[in-house]
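Fold and geometry: a report
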Amino acid sequence: MTPGLDASRLDSPDAVALLGALAQPTRLEIFRLLMRYRPHGLAAGDIGRLLAVAHNTLSTHLGALEQVGLLASRREGRHIIFAAQAPRADALLAFLSDACCSERPVGCAPVSLSVPARREFVASERPLRVLVVCTGNSARSIMAEAVLNREGLGRIQAYSAGSRPQEMPHPLALGLLDDLGYDVSAMRSKSWDEFFGPAAPELDLVITVCDDAAEEICPAFPGAPMRVHWGLDDPASVSGPQAAKRAAFLQSYRDLTARVTAFVNLPFEEMPLRELEPVLIAIGRMDGATDKSLEQAA
């Protein structure tokens, strides 16, 4: 943290600095992402991949957030880890509420001063099995499968399927994932028929990411999985110049990574998935949600 900054108290210049740092869309998303990964944080490369932000641009934004004390960095081996400083956000909320509220806002729970080591992949004997479904299994569900498997770090085994699958994944989805360092060599569009029957894996959770799939009657998947809807608009439906189409896929990817990073940090090993259902529904209401996702949570 920048010398002289007090995490617990702000004056007006401090508040202006914090608000200014967060008043840029990418910086705001960086801070929101790292709040989901507190207290351990993320390596700069992982932040760039999850938000699809170029390294030079990312460095500028990370520096601006660290300068005002919203982030702190540390080195772990070859990695620079950036972690959100929740007390600074709490102090900003307290400052903003002082003149208008009778009670101070509830802040984030304190965390131990000892920061956990950088998270590593650890294979689980029984990972949470998640099937992501959309109609064509060519864009949204393919991207969600890729991000879930990578961010799950061995705690999650993700699959994707479609009720009426396309012949192959959308080239723009595969191209974006490949550019961001995901392994796309084995990705294919497939029917949800592959996931019921005696040889199919028992599933814990089915996530629908398009409204059409959410309205269809799902097969009797093994394991009687819970089902939630995280509806997003179809980037493949965007017409016009190639740049507009790429922008639509990029936005879908960012909306999906926001949901996945909220999901993978839930304590699903310590409590039944059914108890987390309200949180899973709330995740579906995040930025970019379709009207059906908002109706589900109403």
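Given the structure is predicted, the values throughout are model-derived calculations rather than measurements. (Residues numbered from 1 in each chain as written. Predicted model: local features only at pLDDT ≥ 70, side-chain atom pairs only at ≥ 80, totals over all residues. Heavy atoms only, no water.)

**Section: the packing of aromatic side chains**
- Summed over all chains, the structure comprises 5 aromatic pairs.
- Here Y182 and Y253 contribute two aromatic rings whose centre-to-centre distance is 6.2 Å and whose plane-to-plane angle is 75 degrees, an arrangement assigned as edge-to-face. Note that Y182 is positioned in the loop between α7 (171-179) and β6 (205-208) and Y253 in helix α9 (residues 242-264), a separation of 71 residues in sequence. Exposure class is identical for Y182 and Y253. Each is buried.
- Chaining the aromatic ring pairs together yields one cluster made of W230, F263 and F268.
- In this structure, R150 is placed above the aromatic ring of Y182, and the distance from its NZ or CZ to the ring centre is 5.3 Å. (Phe/Tyr/Trp six-rings, centres within 6.5 Å; stacked < 30°, edge-to-face > 60°. Helix = DSSP H or I, 4+ residues; strand = E, 2+ residues; numbered from the N terminus. Buried < 20%, exposed > 50% of the residue type's maximum accessible area, 1.4 Å probe, protein only. Lys NZ or Arg CZ within 6 Å of the ring centre and 35° of its normal.)

**What about the sheet that holds strand β1 (residues 42-43)?**
- Sheet architecture is open: 3 strands sit in the order β1-β3-β2, paired in antiparallel fashion. Strand pairing shows two members of the sheet lacking a second neighbour, β1 and β2 (71-76), which therefore form its edges.
- The sheet contact formed by β2 and strand β3 (residues 79-84) spans 6 bridges and is antiparallel. Bridging from a neighbouring strand, E76 pairs with H79 of β3.
- In this fold helix α4 (residues 55-67) packs onto β2 and β3, with an angle of close to 115 degrees to the strand it touches most, β2. (Pairing = 2+ DSSP bridges. Contact = heavy atoms within 4.5 Å. Axes fitted to C-alpha atoms, helices over the stretch in contact; angles between N-to-C directions.)

**Observations concerning the confidence of the model for the chain**
- For the chain, the mean per-residue pLDDT works out to 89, and 89% of the residues sit at or above 70.
- Ranking the elements of the chain by mean pLDDT puts helix α11 (residues 291-297) last, at 73, and α7 first, at 98.
- Contacts of residues 1-6 to residues separated by more than four positions or lying in other chains number 13 contacts, the stretch itself having pLDDT below 50. (pLDDT = per-residue confidence, 0-100.)

**Observations regarding the pairing of strand β5 (residues 156-162)**
- For β5, a buried count of 6 out of 7 residues is recorded, marking the element as mostly surrounded by other parts of the structure.
- The pairing of strand β4 (residues 128-134) with β5 spans 7 bridges and is parallel. When the bridges of β5 are listed, L128 appears paired with I156.

**Things to note about the side chain of T261**
- Looking at where T261 falls in the secondary structure, it is placed in helix α9.
- Only 2.7 Å separates the side chain of T261 from the backbone oxygen of T257, close enough to count as a polar contact.
- Once residues within four sequence positions are removed from consideration, T261 is found in contact with L33, R36, Y37 and L50. (Polar contact = N/O pair within 3.5 Å; in protein donor to acceptor, adjacent residues only side chain to side chain.)

**Concerning unusual backbone geometry**
- Across the junction of R38 and P39, the peptide omega takes the value 5 degrees, indicating a cis bond.
- Its location among the elements puts P39 in the loop between α2 (25-36) and β1.
- Phi is positive for N137, close to 50 degrees, though the residue is something other than glycine.
- Classification of N137 as buried rests on a relative accessible area of 0%.
- At A224, a residue that is not glycine, the phi angle is positive and equals roughly 45 degrees.
- Among the structural elements, A224 can be located in the loop between α8 (211-215) and β7 (226-229).

**What about the nonpolar core?**
- In this structure, I47, F263 and L280 are the most contacted members of the largest nonpolar core, which totals 85 residues.
- Among the elements that take part in this core, α9 stands out by supplying 8 residues, more than any other.
- If we skip the residues at most four places from it in the chain, F263 touches L128, V130, L148, I156, L205, W230, F268, L280 and I283. (Core = buried A, V, L, I, M, F, W, Y, C linked by side-chain atoms within 4.5 Å.)

**Section: the packing of α2 against α4**
- Relative orientation of the contacting elements α2 and α4 amounts to 70 degrees, with a least axis distance of 10 Å. Viewed along their axes, α2 and α4 adopt a mutual orientation that is roughly perpendicular. As for the relative orientation of α2 and α4, their crossing is right-handed in sense. Counted together, T26, R27, I30 and F31 of α2 and L58, H61, L62, A64 and L65 of α4 form the full contact between these two elements.
- Taken together, the residues of the contact of α2 with α4 break down into 6 nonpolar, 2 polar and 1 charged. (Parallel < 35°, antiparallel > 145°, perpendicular 65-115°, else oblique. Left-handed = near helix turned anticlockwise from the far one by under 90°. Nonpolar A, V, L, I, M, F, W, Y, C, P; charged D, E, K, R; others polar.)

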